[in-house]
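# A closer look at the structure
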Amino acid sequence: MDFFVDTANVDEIRELNQLGVVDGVTTNPSLILKSGRDIIDVTKEICALVDGHVSAEVAATKFDTMIAEGRKLSEIAPNIAVKLPLTWDGLKACHTLSQEGKTVNVTLCFSANQALLAAKVGATYISPFIGRLDDINLDGMDLIADIRTIYDNYGYKTKVLAASIRSVNHVFDSALIGADVITAPPSVIKQLAHHPLTDKGLDQFLSDWSQTGQTIL
Ligand code: G3P
């Protein structure tokens, strides 16, 4: 499973990149706002840091402008994935840009039927939002499972990119179901390393080690 980092904060990406766990990055208008940076500048910097796909989202809602913005964003670097919303115009733009050979991530997916259409129009990635479904008392993981089943039924190559991940359990469940990619905030990726018994066990080992009076170096 690939790990994408859901942030436009270059320092956070750089830190995780040193561990070798960053297979790509996803951004959106809210994350660009949070970064306080110009979208072109910050995206260019991220693309230079990371080998994998870096999603940059269009702001347009009409087909013609989506295409123009998508083409401009793709010129930033070869590893750009143009992020398009799952609307009728977004699907049309996905079809056109995919036919031009561009990588496309279709975002704001909340139903399996939306994901089916995105696959049919040639999306490289589909981004179902888990956390936002959980927020309205639906089960985001059910959507990931349904899309996985439908794509496997028909051999669609569109990658399931589990998004709006808020907890380590979302990562675990996505991995069990077989999502191709998760995109998560850096805080969630860091939390994957934590277990209280690891901390407790290490405390015990360090305490016992100090009583041996030994050193290794
Ligand atoms: O990748 C989409 C993601 O950023 C949305 O997450 O937590 O705002 O629902 P969230």
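Below you will find a few notes about this structure. Owing to the predicted nature of the structure, the values given are computational and were not obtained by experimental measurement.

### Description of the sheet that holds strand 1 (residues 2-6)
The strand order around the closed barrel built from eight strands is 1-2-3-4-5-6-7-8, with neighbouring strands paired in parallel fashion. The average undirected angle you get between the axes of adjacent strands in this sheet is 30°. Of the pairings in the sheet, the one linking strand 3 (residues 54-57) to strand 4 (residues 80-85) comprises four bridges and is parallel in character. Bridge pairing links V54 to I80 in strand 4.

### Re the side chain of R148
Position of R148 among the secondary structure elements: in helix 8 (residues 140-154). Dropping the residues within four chain positions of it, R148 is found in contact with V160, I177, G178, A179 and D180.

### Examining the pattern of salt bridges
Scanning the model with the defined rule gives 10 salt bridges in all. R14 is paired through a salt bridge with D11; the nearest N and O atoms lie 3.3 Å apart. Of this pair, R14 and D11 both sit in helix 1 (residues 10-17), separated by three residues, roughly a single helical turn. We classify R14 as partly exposed; its relative accessible area is 36%.

### A short note on the site of the ligand
Neighbouring residues of the ligand: D6, N28, K83, F129, R132, A163, S164, R166 and T183. With respect to the ligand, the side chain of D6 contributes an N or O atom lying 2.5 Å from an oxygen atom. Within the contact set of the ligand, an oxygen atom lies 3.1 Å away from a side-chain nitrogen or oxygen of N28. Across the complex, the protein chains shield 81% of the 300 Å² of accessible surface that the ligand would expose by itself. Here the residues of the shell around the ligand are counted per class, giving two nonpolar, three polar and four charged.

### As for the packing of aromatic side chains
A complete count under the given rule lists four aromatic pairs for this structure. Consider the rings of F110 and F129, whose centres lie 5.6 Å apart with planes at 65°: the pair is edge-to-face. With F110 in the loop between strand 5 (103-109) and helix 6 (112-120) and F129 in the loop between strand 6 (125-128) and helix 7 (130-135), this residue pair connects regions lying 19 residues apart in the sequence. For F110, a relative accessible area of 32% puts it in the partly exposed group.

### As for the pairing of strand 1
Counted residue by residue, strand 1 has four buried out of five residues, so it is predominantly covered. Looking at chain direction, strand 1 and strand 2 (residues 24-26) are connected through three bridges and run parallel. Paired with F4 across the bridge in strand 2 is G24. Handedness of the crossover joining strand 1 and strand 2 through helix 1: right-handed.

### So, the nonpolar core
By size, the foremost hydrophobic cluster in this structure holds 57 residues, and its most contacted members are L84, V106, I126, I147 and I165. For this core, the element with the most residues is helix 8, which contributes five residues. When near neighbours in sequence (up to four residues on either side) are disregarded, V106 contacts L84, P85, L86, C94, A118, A123, Y125, I126 and S127.

Thresholds applied
Residues numbered from 1 in each chain as written. Predicted model: local features only at pLDDT ≥ 70, side-chain atom pairs only at ≥ 80, totals over all residues. Heavy atoms only, no water. Pairing = 2+ DSSP bridges. Helix = DSSP H or I, 4+ residues; strand = E, 2+ residues; numbered from the N terminus. Axes fitted to C-alpha atoms, helices over the stretch in contact; angles between N-to-C directions. Contact = heavy atoms within 4.5 Å. Salt bridge = Lys/Arg side-chain N within 4 Å of Asp/Glu carboxyl O. Buried < 20%, exposed > 50% of the residue type's maximum accessible area, 1.4 Å probe, protein only. Near = heavy atom within 4 Å. Polar contact = N/O pair within 3.5 Å; in protein donor to acceptor, adjacent residues only side chain to side chain. Areas by Shrake-Rupley, 256 points an atom, 1.4 Å probe, with all protein chains shown as cover. Nonpolar A, V, L, I, M, F, W, Y, C, P; charged D, E, K, R; others polar. Phe/Tyr/Trp six-rings, centres within 6.5 Å; stacked < 30°, edge-to-face > 60°. Right-handed = clockwise from strand over helix to strand, strands pointing away. Core = buried A, V, L, I, M, F, W, Y, C linked by side-chain atoms within 4.5 Å.

Note that every value here comes from positions in space, so none of it alone points to a role or purpose.
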